[in-house]
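One letter stands for each residue in the lines below.
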Amino acid sequence: MKIEDVINPIYVGDFVLNNEHEKNHIKVRYNNQLSKEVLTSNQGRVYLFTSNGIIKKIGGSASRGGIKTTLSFYTCSMTGSPGKPRFILHLLIRDELITGNKCSIYMITSPDVDSLVNGLTEKKIISIAAFKEMEDLCKKNYFDQMKCYPEWNFQENNHDYPSNYSMEHVK
């Protein structure tokens, strides 16, 4: 599925090779038309990774710090103790860039809604983001059209991660 088929994406920027860091091979060149407020908004979001306009990954996040924080989990996933999915996606994006493909990032947001939330000792109306529901709907839309999930949504497709990168993650 092509990003041009998506009705409401926000272009966030592009992944680019990072020649300034020994281990983190990629970084993000952000769309300079987006404000800092959009990039750091805590509003829930679905993010789409593309290669040459083809959607390769659909994910969702409500992490504090906005899409910039979400993307840092992918760009800095070669240091510290990264999880296997982000570690491998970092390498797959690097490979795409090395072969000359353009890897872009888009996001979809929805307005927060007020909802009654139950706590331990109180009930309170809180503004919440339905990012997981948005992510599920995006994945369903993709599956309905393509009869599978995006290539890099390994778990949803019940596919193993590339074995060479799985072994590298273990190291």
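Here goes a summary of the coordinates provided. Remember, it's a predicted structure, so these values are computed and weren't measured experimentally.

1. As for the nonpolar core
Thinking step 1. Ranked by size, the top nonpolar core spans 25 residues in total, and within it F15, F49, L71 and I93 carry the most contacts.
Thinking step 2. Elements that contribute at least two residues to this core include exactly strand 1 (10-17), strand 2 (26-30), strand 3 (45-51), helix 2 (66-75), helix 3 (84-98) and strand 5 (103-109).
Thinking step 3. Here this core gets seven residues from one element, more than from any other, and that element is helix 3.
Thinking step 4. Counting residues in hydrophobic clusters, the runner-up holds 12 residues, among them V46, I108, C138 and Y142.

2. Things to note about the environment of I26
Thinking step 1. Inspection of the secondary structure puts I26 in strand 2.
Thinking step 2. Classification of I26 by relative accessible area gives buried; the value is 1%.
Thinking step 3. When the C-alpha positions of I26 and K56 are compared, they lie 16 Å apart, and in sequence the two are 30 residues distant.
Thinking step 4. Once you skip the residues sitting within four places of it in the chain, I26 turns out to touch F15, V16, N18, Y74, T75, H90, I93, R94 and L97.

3. Let's talk about the pattern of salt bridges
Thinking step 1. One pass over the full model with this rule turns up seven salt bridges.
Thinking step 2. A salt bridge links K56 to E151; the nearest nitrogen and oxygen atoms lie 2.4 Å apart. Taken as a pair, K56 in strand 4 (residues 54-61) and E151 in the loop between helix 4 (131-146) and helix 5 (163-170) lie far apart in primary sequence, 95 residues in all.
Thinking step 3. Here R94 and D95 are joined by a salt bridge, their closest N and O atoms 3.0 Å apart.
Thinking step 4. Residue classification places R94 among the buried positions, given a relative accessible area of 17%.
Thinking step 5. For D95, a relative accessible area of 24% corresponds to the partly exposed category.
Thinking step 6. Look at the salt bridges and you will find they share partners, linking K132, E135, K139 and E156 into a network.

4. Description of the sheet that holds strand 2
Within a sheet, adjacent strands bond to each other through the backbone by hydrogen bonds, running parallel or antiparallel.
Thinking step 1. If you walk across this open sheet you meet the five strands as 2-1-5-3-4, and the pairing is antiparallel. The open sheet is flanked by strand 2 and strand 4, the only strands paired with a single partner. The mean angle between the axes of side-by-side strands here comes to 30°, regardless of whether they run parallel or antiparallel.
Thinking step 2. Here seven bridges tie strand 3 to strand 5, and the two strands are oriented antiparallel to one another.

5. A short note on the side chain of S51
Thinking step 1. Within the secondary structure layout, S51 lies in strand 3.
Thinking step 2. At a separation of 2.4 Å, a polar atom in the side chain of S51 contacts the side chain of E96.

6. Observations regarding the packing of aromatic side chains
Thinking step 1. Under the defined criterion, the tally for this structure stands at seven aromatic pairs.
Thinking step 2. With 5.6 Å between their ring centres and 55° between their planes, Y11 and Y106 make a pair best called tilted. Of this pair, Y11 sits in strand 1 while Y106 sits in strand 5; the two residues are 95 residues apart in sequence, bridging distant segments of the chain.
Thinking step 3. Of the residues examined, Y106 reaches a relative accessible area of 15% and is grouped as buried.
Thinking step 4. Summarising the aromatic geometry, the rings of F143 and Y149 are spaced 4.9 Å apart at their centres and angled 40° between planes, so their arrangement reads as tilted.
Thinking step 5. The exposure class assigned to Y149 is partly exposed, which follows from its relative accessible area of 23%.
Thinking step 6. A network of ring pairs unites the aromatic residues F15, Y47, F49 and Y74 as a single cluster.
Thinking step 7. Above the plane of the ring of Y30 lies K68, whose end atom (NZ or CZ) is 5.0 Å from the centre.
Thinking step 8. One cation-aromatic arrangement involves R86 over Y74; the distance from NZ or CZ to the ring centre is 5.6 Å.

Criteria and thresholds
Residues numbered from 1 in each chain as written. Predicted model: local features only at pLDDT ≥ 70, side-chain atom pairs only at ≥ 80, totals over all residues. Heavy atoms only, no water. Core = buried A, V, L, I, M, F, W, Y, C linked by side-chain atoms within 4.5 Å. Buried < 20%, exposed > 50% of the residue type's maximum accessible area, 1.4 Å probe, protein only. Helix = DSSP H or I, 4+ residues; strand = E, 2+ residues; numbered from the N terminus. Contact = heavy atoms within 4.5 Å. Salt bridge = Lys/Arg side-chain N within 4 Å of Asp/Glu carboxyl O. Pairing = 2+ DSSP bridges. Axes fitted to C-alpha atoms, helices over the stretch in contact; angles between N-to-C directions. Polar contact = N/O pair within 3.5 Å; in protein donor to acceptor, adjacent residues only side chain to side chain. Phe/Tyr/Trp six-rings, centres within 6.5 Å; stacked < 30°, edge-to-face > 60°. Lys NZ or Arg CZ within 6 Å of the ring centre and 35° of its normal.

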